[in-house]
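An overview of the molecular structure
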Amino acid sequence: MHAQEFKIHRLSAYIEELYIAEYKDKLLLLDGGSRSDVPKIEDFVINTLKRQMSDIKLVVSSHMHPDHAGAAPILRKKHNIPIAAFHEADDWYSGIRGRVQQKLDTLMAYFVVIKTKKPRKAFRYPTKLKPDYKLYDQDKLPYFDDWTVIHAPGHTTHQIVLYHTKKQILYAADTVLRVGGYCILPFPINLKNIAAETLLKLSKLHINKVLLAHGGVCENENFTEIFLSLIPKIYKKLKPPFNYFTFISGLPKPIKEYIAKDNN
Ligand SMILES: [Zn+2]
């Protein structure tokens, strides 16, 4: 394998899919996973890939939800793996409102657990990720400069996706989900106009393959059309119980700043 060549492995984790980009000399973990995913990641790296945990040079947490930021702090503590996240990620659960929001986000994750009939496992994780690398839009990933960071707000203020320019691969985090073969919007979307801008931005990328955090790998599809077709759906009225969840998902302080921008 050439130094910059890599293979993507998909790992079906607790309530999301994780991806490991395997290079000759290093591994990249996308994305942060749930706390209960740690043994699964270790088992996969050691027994399936026949690599060492220290080969993981970076774990990227796309945003602060329990299934994207839960395992990373444990992986760092146990295996010294540095965490990369958007520079505003730790503002998300700051203050009392933030802490309440984290509890509500965890409740929403349990709602997914119940809906998908998964066994109940702990989601507990710190409100601050304290990333070793604070990322900005258009940054190259540390250790993996073939991947570009794209700020993709809408679902949260600080979500990022990752784009591999050469191979035209997009790790889409929670910008789009695929359920029953259909691409749908994530839940919640607090910043509607900003989410529309994000989808428009993604629609302009040349994409061969999309790695979804919920829905697996999509290939040979017209992603421009898919992203554009989802924009009008952002403004559709939600039915219960989702409309209530939207109401209780707007507590974090950074949302206010972004809402002011969103209304412009
Ligand atoms: Zn999410």
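Note: the structure precedes this text.
The structure displayed is predicted, hence computed values, not measured ones.

**Brief notes about the packing of helix α5 (residues 192-203) against helix α6 (residues 223-230)**
Here α5 crosses α6 at 170°, and the two axes come no closer than 8 Å. As summarised for this structure, α5 and α6 are arranged roughly antiparallel, according to the angle between their axes. Together, Leu199, Leu200, Leu202 and Ser203 of α5 and Thr224, Phe227, Leu228 and Leu230 of α6 make up the contact between the two elements. Considering only residue class, the contact of α5 with α6 consists of six nonpolar, two polar and no charged.

**Overview of the coordination of the zinc ion**
Note on the zinc ion: its protein donors are His63 (NE2), His65 (ND1), His155 (NE2) and Asp174 (OD). The metal-donor distances range over 2.1 to 2.3 Å. What the four donor atoms of the zinc ion show is an angle range of 88 to 173° at the metal, which sorts the shape as irregular. Taken in sequence order, the residues that donate to the zinc ion follow the motif H-x1-H-x89-H-x18-D. When its relative accessible area of 8% is taken as the criterion, histidine 65 is described as buried.

**Some remarks on the pairing of strand β13 (residues 209-212)**
Sheet topology places strand β10 (residues 169-171) next to β13; three bridges connect them, and they run parallel. Considered in β13, the bridge of tyrosine 171 is made with leucine 211. Examined bridge by bridge, β13 and strand β14 (residues 216-219) share four bridges and lie antiparallel to one another. By the bridge assignment, lysine 209 is partnered in β14 with glutamate 219. In sequence, β13 turns back onto β14 through a hairpin of three residues, with glycine 215 there showing a positive phi of about 130°.

**What to know about the packing of aromatic side chains**
A complete count under the given rule lists eight aromatic pairs for this structure. Here the aromatic rings of phenylalanine 6 and tryptophan 147 are separated by 5.7 Å at their centres, their planes lie at 50°, and the arrangement is tilted. Placement of phenylalanine 6 in strand β1 (residues 6-12) and of tryptophan 147 in strand β8 (residues 144-151) is noted, with a sequence separation of 141 residues between them. Exposure remark for phenylalanine 6: the relative accessible area of 10% places this residue in the buried category.

**Examining the sheet that holds strand β3 (residues 27-30)**
Sheets are built from strands that pair by backbone hydrogen bonding, the pairs being arranged parallel or antiparallel. Overall, mixed pairing links the six strands, which are arranged β1-β2-β3-β4-β5-β6 in an open sheet. The open sheet is flanked by β1 and β6 (133-135), the only strands paired with a single partner. Pairwise comparison of adjacent strand axes, ignoring direction, gives a mean angle of 20° for this sheet.

**With respect to the pattern of salt bridges**
Summed over the entire model, instances satisfying the criterion amount to seven salt bridges. Put simply, aspartate 55 and arginine 51 hold a salt bridge, and the shortest N to O gap is 2.9 Å. Arginine 51 shares its class with aspartate 55; the two are buried. Where arginine 178 meets glutamate 221, a salt bridge forms, and the shortest distance between an N and an O atom there is 3.9 Å. You can see arginine 178 sitting in strand β11 (residues 177-179) and its partner glutamate 221 sitting in the loop between β14 and α6, a full 43 residues away along the chain. Note on arginine 178: relative accessible area 24%, which makes it partly exposed. We classify glutamate 221 as partly exposed; its relative accessible area is 33%. Residues joined by salt bridges that share partners form a network here, namely Glu22, Arg51 and Asp55.

**Considering the packing of helix α1 (residues 38-48) against helix α3 (residues 72-79)**
A pair of packed helices is characterised by two quantities: the angle between their axes and the separation of those axes. Where α1 contacts α3, the axes come no closer than 10 Å and their chain directions differ by 55°. Judged by the inter-axis angle, α1 sits oblique to α3. As α1 packs across α3, the resulting crossing turns out to be right-handed. When α1 is examined against α3, the residues Val38, Ile41 and Glu42 are found in contact with a partner set consisting of Ile74, Leu75, Lys78 and His79.

Thresholds, definitions, all that
Residues numbered from 1 in each chain as written. Predicted model: local features only at pLDDT ≥ 70, side-chain atom pairs only at ≥ 80, totals over all residues. Heavy atoms only, no water. Axes fitted to C-alpha atoms, helices over the stretch in contact; angles between N-to-C directions. Helix = DSSP H or I, 4+ residues; strand = E, 2+ residues; numbered from the N terminus. Parallel < 35°, antiparallel > 145°, perpendicular 65-115°, else oblique. Contact = heavy atoms within 4.5 Å. Nonpolar A, V, L, I, M, F, W, Y, C, P; charged D, E, K, R; others polar. Donors = N, O, S within 2.8 Å, 3.2 Å for Na, K, Ca; no water. Tetrahedral: all angles 85-135°; square planar, octahedral: opposite > 155°, others 65-115°. Buried < 20%, exposed > 50% of the residue type's maximum accessible area, 1.4 Å probe, protein only. Pairing = 2+ DSSP bridges. Phe/Tyr/Trp six-rings, centres within 6.5 Å; stacked < 30°, edge-to-face > 60°. Salt bridge = Lys/Arg side-chain N within 4 Å of Asp/Glu carboxyl O. Left-handed = near helix turned anticlockwise from the far one by under 90°.

Any functional reading would require information that these geometric values do not contain.
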